[in-house]
Amino acid sequence: MFKNYFKIAWRNLQKNKLYTFVNITGLTVGIVSCILIGLYVSEELSYDKFHDKADRIARVTMQYTDGTTINRAALTGTKVGPQFRRTFPAITAFARTVQYSPVVSVGDKTFNETHFLYADSAFFSIFTFPLLKGNPATVLAAPNQVVLTETMAKKYFGESDPIGKTLKVNNGKDYTITGIARDAPENSQIRFNFVASFSSMRVSREEIWWTANYVTYLLLPHPQDLTPLQRQITAYMQTDPVRYETGAGAKLTYFLEPLTWVHLHSTLDGLEPNGNITYIYILSAVAVLILLIACVNYTNLATAQAQGRTGEISIRKVLGAGKGQLFRQYLGESLMLTVIALLLAVFISIQLLPLFNQIANKSLSSASLLQPLPILSLLLLGLLVSLLAGAYPALVLSNIRLMSILRSGFRLSSSGGNLRKSLIVLQFVISVFLMISTMVILQQLSFIQNKKLGYDKDHVLVLPASEEIHEKYDAVKAAIRQVPQVINTGGASGTPTYVEWTDGLSATTETGQKNFTVKAIPCDADFVKTLGMQIIAGSNFNAADMHMLDTTDNNKNFRYTFILNESAVKALGWTPQQAIGKTVEKYYPGIVRAVVKDFHFSSMHEAIGPLILFQDTQWVSRMYIKVSGKDLPGTIARLQSIWKEYAPHYPFEYHFLDEDYNTLYKTETRTGELFGVFSLTAILLACLGLFALAAYTTAQRTKEIGIRKVLGASLASLVGMLSKDFLRLVAIASLIALPMSWWAMNRWLQGFVYHITLSWWMFATVILLALFIALATVSFQAIRAGLANPVKSLRSE
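An account of the accompanying structure is given in this report. (Residues numbered from 1 in each chain as written. Predicted model: local features only at pLDDT ≥ 70, side-chain atom pairs only at ≥ 80, totals over all residues. Heavy atoms only, no water.)

### Quick notes on the environment of Y560
Tracing the chain through its elements places Y560 in strand 19 (residues 560–565). Spatially, the C-alpha atom of Y560 lies 7.7 Å from that of D545, the residues being 15 residues apart in sequence. If we skip the residues at most four places from it in the chain, Y560 touches M548, L549, K586, Y588, P589, G590, I591, F614, Q615 and D616. (Helix = DSSP H or I, 4+ residues; strand = E, 2+ residues; numbered from the N terminus. Contact = heavy atoms within 4.5 Å.)

Structure below.
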């Protein structure tokens, strides 16, 4: 019996090649979308869950306010970890971490490395980063110890054993290699190539609340300890001794975030940029909706095709076929199509993975599809698709009465027609919603790329400054300025696109003492001018300011010079002009030299806050070189020769400042690209649905079309008659999608402090595009029906 079902199903697939192609294509595309989105979502949801103690690890975040604004950061001072460990029994261990990009040398191998992490000795005991060699409890127990990943060990030492050997960091300090760790997995927010002992750094010798440059993690005895510990920390930070120590003018407290919660739920980036749980929900819904569109397409195509199978149904019923047999027959056809589509989808998904990884910035592999759970999921998905797509046509066809077919031919009920039209509306609601969302996301990304930041990020080369460069800093700058296409050059710590350095600032104002936290950029005298920052009061740094950094007599006469941004001046209650010459304090006092116009030093999700620039070249870690953009290869070659002359042991590795800026919006860019791909997929599948409904309608109205042609109806009038109903459906879908997309995109834009305004033309453009695509799709069937010979259609009727 099943062999017979299979034969009949296969013959029908061969007989109706167009419908078979459309059905298989639709289901394949839908399943491919589900597979790719499923892999992406699964990867995002798995972040940091591989740690054995993941549910007991918490990240500490900092919140501080001066009474007017509340600031939050995922960074803390050096005191938080050890002080909390001493104070709260619920904390069994802590690890402070900070990441740098130093130059690492082993013999004649020298590279500028990223992901060089400093961490406390408990790091490998708290986190599950397996060590291939070394003891987790002791590999970071002493200063100047370092653990390499497997990849770095092979890079510097080949196949030889690196344990006990040394590597040089920034051409200065030697670090002894005490362990080899497996490479950190992709689904980890803590990624490293090197982990050095935190005690190697000078800052480890003092405990400070306010110098917040470190990501601190706590290990708890039990997962349920987090909530009571949070209450204890909040109460502790309000005690008089702590308030006195942290400063009376500012309120400082800390919050705990579960490690596995951070990546998708936290608004504060840590060592790696976070994802967004909202995007996960949206992409999951998109996958389900695209699959639903594919199933609806199959249903519509099957019912449109049913009129051509009335003879088969009649004969089978006359020969005694029951409803159950017919139902199993047509459901079997659906299962066969789904199996074919599923196999094709798995093959295509594997082929598309490299491209999808490029768009999604992932490293997903085909091996993840061959695990038991994904295979079971795919089988269940195939069964579900078969039932969703095939149950309705099988039920309708198996319940047709023989006498009805013999008397008046096959007709589907009007209620069934309304259902199919409703499904077409649903398809285009989804498609238009995704198209509008993609349009808004791309417009916001364009706004971000073109907004004036308050500094010039274009044509600015960034070079890391080594110890060798520091020793000849002025000479290197003078040589760089001699290059014809160089406009200016300056140096600073970190990048202006995302300032991480946090400091405390205090001043005595007309209203009393003020203490608050600011972002800070240590820089040289030419940094402001090189990046084109606008000074609105006062004057820029000058060379004489460096003489004020007097370290003699135990820093007794040490003085800074500061440039404040508008927000910092406002927080102090001054105007820009009033601020000039005033004394403010950052551990050491200094005068305000100038005020710069506010510029964006973090992502546009955040408002511009207080910031200071202070001249201190010892902290310069990057050189910024403004070039004209002409003869760029020649300019870079000249700069490379200068680099080799002054820093022969330091690799010449440059990038452009706008690359740092673009990194801030990787999540939004990735989401925009994914939305673009899947909105295009949805609209194509919706067009297949329209094609199905057009085919069904023209089949039902064959006699009417023939009579109209005999009576002189033109092709244009026939096309208009058959198209208007479909365009009405698309118009209704657009009207439904419009308020939904406006609400959703308005909510999304609220996540940016600086964003575009939703305009009517965005919605109008997408709706007109949807109508045009629908018209083009329907016109194919309408023109085909209009060109058919009416004699044949009337004779067949």
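### Here's the deal with empty space enclosed by the protein
All told, the structure shown has two cavities of 30 Å³ or more when counted by the stated rule. Approximately 60 Å³ is the volume attributed to the second largest cavity. If you go around the second largest cavity, the residues you meet are Y40, E44, L264, G275, N276, Y279, I280, L283, T667, R670, T671 and L674. Within the residue set of the lining of the second largest cavity, elements represented by two or more residues are helix 2 (17–45), helix 9 (277–306) and helix 23 (666–700). In terms of residue count, helix 23 provides more of the lining of the second largest cavity than any other element does, four residues in total. Looking at the lining of the second largest cavity residue by residue, the class counts come to six nonpolar, four polar and two charged. (1 Å grid on protein atoms, 1.4 Å probe; cavity = no way out; pocket = protein on both sides within 12 Å on 5 of 7 lines; lining within 4 Å. Points joined across faces, edges and corners; volume = space filled by probe spheres on them. Nonpolar A, V, L, I, M, F, W, Y, C, P; charged D, E, K, R; others polar.)

### A short note on unusual backbone geometry
The residue N144 is not glycine, and still its phi comes out positive at about 60°. Positionally, N144 belongs in the loop between strand 7 (131–133) and strand 8 (145–149). Of the residues examined, N144 reaches a relative accessible area of 26% and is grouped as partly exposed. Even without being a glycine, H459 presents a positive backbone phi close to 55°. (Buried < 20%, exposed > 50% of the residue type's maximum accessible area, 1.4 Å probe, protein only.)

### Details of the nonpolar core
In this structure, F428, I521, F527 and L613 are the most contacted members of the largest nonpolar core, which totals 105 residues. When residues no more than four places from it in sequence are discounted, the contact partners of F428 are I683, A686, C687, L690, V730, A733, A770 and A774. Of all hydrophobic cores here, the second largest spans 50 residues; its members include A58, L75, F129 and L259. (Core = buried A, V, L, I, M, F, W, Y, C linked by side-chain atoms within 4.5 Å.)

### Details of the packing of aromatic side chains
By the definition in use, this model includes 38 aromatic pairs. Arranged with centres 4.7 Å apart and planes meeting at 50°, the rings of F558 and Y588 form a pair that is tilted. Taken together, the residues F558 in the loop between helix 18 (552–555) and strand 19 and Y588 in strand 21 (residues 588–596) connect sequence positions 30 residues apart. On the basis of relative accessible area, F558 is assigned to the buried category, the value being 6%. Judged by relative accessible area, which is 30%, Y588 ranks as partly exposed. Here the aromatic residues F50, F123, F124, F127, F129, F192 and Y217 are joined through ring pairs into a cluster of three or more. (Phe/Tyr/Trp six-rings, centres within 6.5 Å; stacked < 30°, edge-to-face > 60°.)

### Describing helix 3 (residues 80–87)
Where helix 3 is concerned, the buried positions are V80, G81, P82, Q83 and F84. Where the residues of helix 3 are buried, they touch strand 1 (57–65), strand 3 (93–100), strand 12 (215–219), helix 6 (226–236) and strand 13 (251–258).

### Section: the pattern of salt bridges
Scanning all chains against the criterion turns up 16 salt bridges. In this structure, the salt-bridge partner of E186 is R191, at a minimum N-O distance of 3.8 Å. Given the relative accessible area of 39%, E186 is considered partly exposed. Across the salt bridge formed by D458 and K457, the nearest N and O atoms sit 3.7 Å from each other. When its relative accessible area of 9% is taken as the criterion, K457 is described as buried. When salt bridges that share partners are traced, they join K477, R481, D524 and D526 into one network. (Salt bridge = Lys/Arg side-chain N within 4 Å of Asp/Glu carboxyl O.)

### Focus on the pairing of strand 8
Consecutive residues of a regular strand have side chains that alternate between opposite faces of the sheet. When you tally the buried positions in strand 8, you get five out of five residues, the bulk of the element. Because side chains alternate across strand 8, one face comprises the buried residues Q145, V147 and T149, and the other comprises V146 and L148, equally buried. Of the strand pairs in this sheet, strand 8 and strand 10 (residues 173–181) are connected by five bridges, and their pairing is parallel. The partner of Q145 across the bridge, within strand 10, is T176. Sheet analysis places strand 8 next to strand 11 (residues 194–197), joined by three bridges and oriented antiparallel. Looking at strand 11, one finds that L148 is bridged to F194. (Pairing = 2+ DSSP bridges.)

### Notes on a nonpolar patch on the surface
There is a patch of nonpolar side chains on the surface, built from L344, F347, I348, L352 and L355 and spanning about 420 Å² of accessible area. For L352, the location among the structural elements is in helix 11 (residues 323–360). Classification of L352 by relative accessible area gives partly exposed; the value is 32%. (Patch = residues over 30% accessible without salt bridge, like charges linked within 9 Å, V, L, I, M, F, W, Y side chains within 5 Å. Areas by Shrake-Rupley, 256 points an atom, 1.4 Å probe, with all protein chains shown as cover.)

### Quick look at the packing of helix 16 (residues 473–481) against helix 21 (residues 632–646)
At a minimum axis distance of 10 Å, the contact between helix 16 and helix 21 shows a crossing angle of 160°. Taken together, the axes of helix 16 and helix 21 lie roughly antiparallel to each other. The chirality of how helix 16 crosses helix 21 is right-handed. Each of A475, V476, A479 and I480 in helix 16 lies in contact with helix 21, whose residues at this interface are L639, I642 and Y646. Considering only residue class, the contact of helix 16 with helix 21 consists of seven nonpolar, no polar and no charged. (Axes fitted to C-alpha atoms, helices over the stretch in contact; angles between N-to-C directions. Parallel < 35°, antiparallel > 145°, perpendicular 65-115°, else oblique. Left-handed = near helix turned anticlockwise from the far one by under 90°.)

### A closer look at the pairing of strand 10
Pairing of strand 7 with strand 10 involves two bridges; the strand directions are antiparallel. Bridging from a neighbouring strand, K133 pairs with I180 of strand 10. Between the end of strand 9 (residues 166–169) and the start of strand 10, which pair antiparallel, lie three residues, with N170 showing a positive phi angle near 55°.

What is shown is where atoms sit, not what they do.
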